[in-house]
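Geometric and topological summary
Chain by chain, the residues run as shown.
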Amino acid sequence: MPPIFAIFVLYGLGLTASMQVGLVGPIAPDLRAGFDLSQAQFGLVASLITAAGALFAIPAGVWAAQAGLRRSLFLGGIMMIIGAAIFATASNTGMLYVGRLVTSIGYLLIVVGAPSWMANLGNPKTVAMAMSIWGTFIPVGIAMGNWTSAAIVAWLDWRMAVVACTVPVAVLLPALMLLTKPRDQHFNRSLTSGISGVLKSRPAMQVALTFAAFAGATSAALAFMPAMMADNLSISIPLAAAIIGTTAIAGNIIGSVGAGMILGRDVPGRRILAIGLPVMAAAIFALFVSQNIVISVLALILFNIGQGSVAGTCFALLPRIAGRDLSMPALQGMLAQFAEIFVVIVPPVAGAMIDWASWQGAAFLLAGFYLAGFVISLRYRAVRIVATD
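What comes next is a walk through the structure. (Residues numbered from 1 in each chain as written. Predicted model: local features only at pLDDT ≥ 70, side-chain atom pairs only at ≥ 80, totals over all residues. Heavy atoms only, no water.)

**As for the overall build of the protein**
Applicable threshold: Going along the chain from the N terminus, every DSSP run of H or I of four or more residues is numbered as a helix, and every run of E of two or more is numbered as a strand. We call a residue buried when its accessible area falls under 20% of the maximum for its residue type, exposed when it is over 50%, and partly exposed in between, using a 1.4 Å probe and counting protein chains only. Between two residues, a contact is recorded if the distance between any of their heavy atoms is within 4.5 Å. We get accessible surface area from the Shrake-Rupley algorithm with a probe of 1.4 Å; when it comes to residues, only the shown protein chains can shield them.
Scanning the protein from terminus to terminus reveals 16 helices and zero strands. Burial statistics for the protein: of 389 residues in total, 59% are counted as buried. For the protein, contacts bridging at least 24 residues in sequence account for 84% of all contacts bridging at least 6. Carbon and sulfur atoms form 68% of the exposed surface of the protein, whose accessible area is close to 14600 Å².

**Remarks on helix H3 (residues 39-47)**
For H3, the set of buried residues is Gln39, Phe42, Gly43, Val45, Ala46 and Ser47. Against helix H2 (24-35), helix H4 (51-67), helix H5 (69-88), helix H6 (93-118), helix H12 (202-233) and helix H16 (328-377) lie the buried residues of H3.

**A look at the side chain of Arg100**
Note that Arg100 resides in helix H6. For Arg100, a relative accessible area of 1% translates into the label buried. When neighbours within four sequence positions are excluded, Arg100 is seen to be in contact with Gln20, Val21, Val24, Val45, Ala46, Leu48, Ile49 and Phe87.

**Details of empty space enclosed by the protein**
Heads up, the rule is: Only protein atoms enter the 1 Å grid, on which a cavity is a set of points fitting a 1.4 Å probe that cannot get out and a pocket is an open set with protein on both sides within 12 Å along at least 5 of 7 lines, lining residues being those with an atom within 4 Å of a point. Grid points are joined across faces, edges and corners, and a volume is the space filled by probe spheres set on the points. Note that Gly is not counted as nonpolar here; it falls among the polar residues with everything else outside the nonpolar set of Ala, Val, Leu, Ile, Met, Phe, Trp, Tyr, Cys and Pro and the charged set of Asp, Glu, Lys and Arg.
For the structure shown, the criterion picks out one cavity of 30 Å³ or more. Considered as a void within the structure, the largest cavity measures approximately 250 Å³ in volume. For the lining of the largest cavity, the elements supplying multiple residues, two or more each, are H6, helix H8 (137-155), H12, helix H15 (293-322) and H16. Of all the elements, H16 adds the most residues to the lining of the largest cavity, at six residues. Residue classes in the lining of the largest cavity are distributed as 16 nonpolar, five polar and one charged.

**Topic: a nonpolar patch on the surface**
Going by this rule: In this analysis, a patch consists of residues with relative accessible area above 30% that form no salt bridge, clustered at 9 Å for like charges and at 5 Å for the nonpolar side chains Val, Leu, Ile, Met, Phe, Trp and Tyr. When a carboxyl oxygen of Asp or Glu lies within 4 Å of a side-chain nitrogen of Lys or Arg, that pair is called a salt bridge.
A surface patch of nonpolar side chains, about 610 Å² in accessible area, is lined by Trp155, Leu156, Met160, Val163, Val167 and Val171. Sorting the residues of the nonpolar patch by element identifies helix H9 (158-164) and helix H10 (167-176) as the ones contributing at least two each. Structurally, the position occupied by Val171 is in helix H10.

**Digging into the nonpolar core**
Using the following cut-off: Throughout this description, the term nonpolar core refers to a set of buried Ala, Val, Leu, Ile, Met, Phe, Trp, Tyr and Cys residues connected via side-chain atoms within 4.5 Å.
Residues Leu31, Phe211, Met225, Met229, Ile284 and Phe288 are the most contacted members of the largest nonpolar core, which totals 131 residues. In this view, Phe288 contacts Ala221, Met228, Asn232, Trp359, Ala362, Ala363 and Leu366; residues no more than four positions away in its chain are not counted.

**Comments concerning the packing of aromatic side chains**
Rule in force here: Here a pair means two rings of Phe, Tyr or Trp (six-membered ring of Trp) with centres within 6.5 Å. Their orientation is stacked below 30 degrees between planes, edge-to-face above 60, and tilted elsewhere. We call a charge positioned above a ring when the Lys NZ or Arg CZ atom is no farther than 6 Å from the ring centre and deviates by at most 35 degrees from the ring normal.
Considering all chains together, one arrives at nine aromatic pairs under this definition. Centroid distance Phe35 to Trp158: 6.0 Å. Interplanar angle 75°. Geometry classified as edge-to-face. A residue pair is termed long-range when its members are at least 10 positions apart, and Phe35 in helix H2 and Trp158 in helix H9 qualify at 123 residues. Pair check on accessibility: Phe35 and Trp158 agree, each one buried. Ring geometry for Phe342 against Phe369: centres 6.4 Å apart, planes inclined by 85°, an arrangement best described as edge-to-face. Over the ring of Phe87 we find Arg100; its NZ or CZ atom is 5.6 Å from the centre of that ring.

**So, unusual backbone geometry**
The backbone of Ser234 shows a phi angle near 55°, a positive value even though the residue is not glycine. Take Ser234: it is sitting in the loop between H12 and helix H13 (237-263). What makes Ser234 exposed here is its relative accessible area of 67%. At Ser358, a position not held by glycine, the phi torsion is positive, near 60°. As for its position among the elements, Ser358 is in helix H16. Residue class for Ser358 comes out partly exposed when judged on its relative accessible area of 33%.

**Re H5**
Think of an α-helix as turning once every 3.6 residues; residues three or four places apart then point the same way. As a reminder of what qualifies: Take the residue count of a helix, subtract one, and multiply by 1.5 Å to get its expected span.
Taking 1.5 Å of rise per residue, the 20 residues of H5 would be expected to cover 28 Å, and the 28 Å separating its terminal C-alpha atoms lies within 8% of that figure. Of all the positions in H5, only Leu69, Arg70, Ser72, Leu73, Gly76, Gly77, Met79, Met80, Gly83, Ala84, Phe87 and Ala88 are classed as buried.

**Some thoughts on the environment of Met205**
With respect to the secondary-structure elements, Met205 resides in helix H12. You can call Met205 buried: its relative accessible area is 19%. A sequence separation of 172 residues divides Met205 from Ser377, and the C-alpha atoms of the two residues are 9.8 Å apart.

**Quick look at the environment of Ser377**
Basically, it comes down to this: Pairing of N or O atoms within 3.5 Å defines a polar contact, subject to two protein rules: one partner must be a possible hydrogen donor and the other a possible acceptor, and residues neighboring in sequence count only if both atoms are side-chain atoms.
Relative to the assigned elements, Ser377 resides in helix H16. Within the local environment of Ser377, its side chain forms a polar contact with the backbone oxygen of Phe374, the two atoms lying 2.7 Å apart.

**Notes on the packing of H4 against H16**
Defined as follows: The angle between two axes is taken between their N-to-C directions and runs from 0 to 180 degrees, where each axis is a line fitted to C-alpha atoms and a helix contributes only its stretch in contact. Should an angle fall under 35 degrees it is called roughly parallel, over 145 degrees roughly antiparallel, and 65 to 115 degrees roughly perpendicular, with every other angle called oblique.
Their axes nearest at 6 Å, the elements H4 and H16 cross at an angle of 175°. Here H4 lies roughly antiparallel to H16, going by the angle between them. Residues Ala51, Gly53, Ala54, Leu55, Phe56, Ala57, Ile58, Pro59, Gly61, Val62, Ala64 and Ala65 of H4 touch H16, and the partners they reach there are Pro329, Ala330, Gly333, Met334, Ala336, Gln337, Phe338, Glu340, Ile341 and Val344. For the contact of H4 with H16, the per-class residue count stands at 17 nonpolar, four polar and one charged.

Take a look at the structure:
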């Protein structure tokens, strides 16, 4: 199969995984009403999608390198389907949590395995293109989840919205079996050795810590964003989701591809992060306090361009770091584990802040996380990407 087909299937699996993150925003009112959830409890439901990654992402990356990427991705897709089925049929809060935890295992295996496969497509230019595209999978997938969930919940109910956001993975799994296996990486290091290798890498630590602060704040912001815009702007949840989704796709593509082009000119990644993260901090603060639709849309556009540039930079740096005798799946696992610890923690904290200090309190909290990521990005030596002719 040609590389473009592999990119399509692998990126599609990433989108489906991220749809599980995005689907919760539009169904928040129904979940809170049906299960009597506080904002903090809903935040936990949203964040549990990454619980497995917060605990086991690095070991999962090492295991994926040893067991094979096709096997780990197929298992991830099956776990996504099972978890969504449990969540969609839940009759109590505990089963909501169980469903999200099972889904989180599938989510982890996909976000570790898919970009690792892309990094082994062979041609350096193809790899660069693939990783640049992969940098948009989170925001674009979340936007697709928002759109699908908002449309289905308005037409049917929240349970069918969960099912609709999971159908694509069932379509993509057979296509996964048609892909040519990535070249053998001969990764025979032990679990302990594989974990310690990535943890000792200074450039990897730079990217992982920066991405963690960014991912935690972004997950919380997107989980509460539809309800926040509905409250502050007096608009419907479907309209809010449409605005969020449209600006997310356009802004993230611009930011991610733009970051990849700049990195290809040997500009230090730290320089892009030093601009993108403060822009996101200012934009999210303005968005969460704004009661003007024009200001909100402008803030969303800036937020999403910054999001694309930060994510694109972090993902584009990984193949260069992996070239230093590190396993790409293990390295991807490190990025995921650091990020998902924050993704589990920040949404419930943001929910508690909303309960205590309304949307303005969340504005200060989320902006603070982006600024923390900015400070972290300055602490380590910048990693450079050298263009390949």
